[in-house]
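Overview (structure and organization)
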Amino acid sequence: MIEIGQLIRQKLKERKKTVVWFADQLACSRTNIYKIFERTSIDTADLLRICTILDYDFFAEYSKRLKENKKSGRAANSSRNG
């Protein structure tokens, strides 16, 4: 599973941007940013905004995982199947 919140935190740090800056860009509070960092999933519209703000294609991470799962013959979300 992709820990999307942790990946967002990592990219923010790589970009040398602060939580305050990120909160300002998303027009939300710092508290909400820390909640984003804890998420394992995120709404696609929100993720698209974050992609634009951080100039990183987070969707590519999901595509990469999908391709890896397809190669290995695993379901993308086998814990939910059945």
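Preceding this section is the structure that the text describes.
Figured I'd write up the structure that's included with this text. (Residues numbered from 1 in each chain as written. Predicted model: local features only at pLDDT ≥ 70, side-chain atom pairs only at ≥ 80, totals over all residues. Heavy atoms only, no water.)

It is worth spelling out the packing of helix 2 (residues 19-26) against helix 4 (residues 44-54) at this point. Interaxial distance between helix 2 and helix 4 falls to 11 Å at its minimum, and their mutual angle equals 125°. Relative to helix 4, the element helix 2 is oriented oblique. Crossing hand, helix 2 versus helix 4: right-handed. Residues Trp21, Phe22, Gln25 and Leu26 of helix 2 form the contact with helix 4, whose participating residues are Arg49, Ile50, Ile53 and Leu54. Across the contact of helix 2 with helix 4, the residue classes tally to 6 nonpolar, 1 polar and 1 charged. (Axes fitted to C-alpha atoms, helices over the stretch in contact; angles between N-to-C directions. Helix = DSSP H or I, 4+ residues; strand = E, 2+ residues; numbered from the N terminus. Parallel < 35°, antiparallel > 145°, perpendicular 65-115°, else oblique. Left-handed = near helix turned anticlockwise from the far one by under 90°. Contact = heavy atoms within 4.5 Å. Nonpolar A, V, L, I, M, F, W, Y, C, P; charged D, E, K, R; others polar.)

All chains considered together, the criterion is met by 3 salt bridges. The partner of lysine 11 in a salt bridge is glutamate 14, and the shortest N-O contact between them spans 3.1 Å. Of this pair, lysine 11 and glutamate 14 both sit in helix 1 (residues 4-14), separated by 3 residues, roughly a single helical turn. Owing to a relative accessible area of 11%, lysine 11 belongs among the buried residues under this scheme. We note a salt bridge from arginine 15 to glutamate 14, for which the minimum N-O separation is 3.9 Å. (Salt bridge = Lys/Arg side-chain N within 4 Å of Asp/Glu carboxyl O. Buried < 20%, exposed > 50% of the residue type's maximum accessible area, 1.4 Å probe, protein only.)

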